[in-house]
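Understanding the architecture of this molecule
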Amino acid sequence: MEIIIQAWRVLVVVVVVCNVEVEVEGIRFHKRNNINIPSDPYPNININTSCSSSSSCIFDVTNYGAVGDGFTDDTAAFLQVWKAACAVESATILAPADRSFVVTSSIFSGPCKAGLVFQVDGVLVAPQGPDCWPETDSRKQWLVFYRLDDMTLTGHGSIQGNGQKWWELPCKPHRGPNGSTISGSCDSPVMIRFFMSNNLVVSGLTLQNSPQFHIKFDGCSGVHIEKLFISSPKLSPNTDGIHLENTNNVGIYASVITNGDDCISIGSGCSNVDIQGLTCGPSHGISIGSLGVHNSQACVSNITVRDTIIRESDNGLRIKTWQGGRGCVSGISFENIQMQNVLNVMNIDQYYCMSKECQNQTSAVYVTDVSYINIKGTYDVRSPPMHFACSDTVPCTNIKLAEVELLPEEGELLEDPFCWNAYGTGQALTIPPIDCLREGEPLSVAELSEYACS
């Protein structure tokens, strides 16, 4: 009887692990033979639900065929339950605890009824690296939430990106022969992407080991992020924790991020972003940019970072722009930040370049109204803790520093902050002393109005 049952299961189940034993969140699953993963397995079925549109409903993915054994491809069940729940107001999609669900690249598309909740109490797992990624699936993104309004992604579980094999591709920085970087296409999937969506809540989850960015918001408005735990190894390339692009009215609160790139990166088109209670690092710190690449316009405004800890990071608070760009970065406030052994604590770099081949250009993204208030802690002495390198032709203006106390983690105090064409004031005594900022305004300040963003 047991043999007959197992044979029957093979006929109806698709498994995905490429013959690898997996352990996720303490649950161990033994290897099985690999079977090809279907791409976009959206079923053509009729949706039947006992829930009325006026009541709250729970749609358990296991009731739609999800197995949750860490091997079976459960993509079809997730797309099926999404289709059902999307049509019901205040519905909850539940991925229950003590289950591990393998899902391939999927787009969860709206519009849906208001109040949709996607609750992950178990584990969502990506395929095991590039060799197991379905050939017909996009290699640029894994889980995409598109055209949604009033939607929540939450739970007590985790979302696992299985990024290890992606990080070792020879096209990644220093992963090729003899530490080289092989040129050519190097697509790796963003783990979670919200695109063209509004009024979103993301909370409570653990996001681990993304092949690239852990979570990205692009073209969104009204985003509330709270109590996320994001982690990947310190040397995992391009694994930004939270990335914002063309997104406004964002709050990021009480979260912990440790990864191989920026904890939070803020790209062009972002405004009204409030970050509070973040613990960041090891990482590359918190970055605005890079902006203005390929002579593009970039606009970023009203960004606040407060009550935050940055530790063991290659950068602290950074604004980075390419030469030749245009636009403006304005209204940036860093307040009550604790540094613990951080390299490049405060850094404005208008000469950002990822190679040695960048040409000098006169145009630049204008940086103005940047304040650093109550920035304290320790820095790595390999670089001065304050570095303001502004454009020759488009100077930085109205930089304000107050209550800055930075001491070396080891070694002697560095008393040589770097400033180039940077205008501003130290409103109180700083440690180390900052005496390289230019006073007043540049003679060309009237001409800077042409860089303003509407």
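The shown structure was predicted, so the numbers you read here are calculated from the model rather than taken from an experiment.

1. Quick notes on the overall build of the chain
Helices and strands together make up the secondary structure of the chain, namely 3 helices and 34 strands. Sorting the 454 residues of the chain into buried and exposed places 54% on the buried side. When contacts within the chain are restricted to residue pairs at least 6 apart in sequence, long-range pairs at least 24 apart make up 74% of them. Element-wise, carbon and sulfur atoms account for 48% of the exposed surface of the chain, whose accessible area totals about 20,000 Å².

2. Some details on the pairing of strand S20 (residues 248–253)
Of the pairings in the sheet, the one linking strand S17 (residues 221–226) to S20 comprises 5 bridges and is parallel in character. Counted as the bridge partner of Glu226 is Tyr253 from S20. Sheet analysis places S20 next to strand S23 (residues 270–276), joined by 5 bridges and oriented parallel. Of the residues in S23, the one forming a bridge with Asn248 is Ser271.

3. Some words on the pattern of salt bridges
Applying the stated criterion across every chain, the model contains 5 salt bridges. Put simply, Asp262 and Arg318 hold a salt bridge, and the shortest N to O gap is 3.3 Å. Within this pair, whereas Asp262 is found in the loop between strand S21 (256–258) and strand S22 (264–266), its partner Arg318 is found in strand S27 (residues 317–321), the two being separated by 56 residues in sequence. In terms of burial, Asp262 and Arg318 fall into one category: buried.

4. Some points on the sheet that holds strand S7 (residues 106–109)
In space, the 11 strands of this open sheet follow the order S7-S10-S13-S16-S19-S22-S25-S27-S29-S31-S33, with parallel pairing throughout. Only two strands of the sheet have a single neighbouring strand rather than two, namely S7 and strand S33 (418–420). Neighbour-to-neighbour, the strand axes of this sheet turn through a mean angle of 15°, independent of strand direction. Pairing of strand S19 (residues 242–245) with S22, which is carried by 3 bridges, proceeds in the parallel orientation. Within S22, the position partnered with His243 by the bridge is Ser265. The sheet contacts of helix H2 (residues 75–86) involve S7 and strand S10 (141–146), and relative to S7 the element is tilted by about 5°.

About the thresholds
Residues numbered from 1 in each chain as written. Predicted model: local features only at pLDDT ≥ 70, side-chain atom pairs only at ≥ 80, totals over all residues. Heavy atoms only, no water. Helix = DSSP H or I, 4+ residues; strand = E, 2+ residues; numbered from the N terminus. Buried < 20%, exposed > 50% of the residue type's maximum accessible area, 1.4 Å probe, protein only. Contact = heavy atoms within 4.5 Å. Areas by Shrake-Rupley, 256 points an atom, 1.4 Å probe, with all protein chains shown as cover. Pairing = 2+ DSSP bridges. Salt bridge = Lys/Arg side-chain N within 4 Å of Asp/Glu carboxyl O. Axes fitted to C-alpha atoms, helices over the stretch in contact; angles between N-to-C directions.

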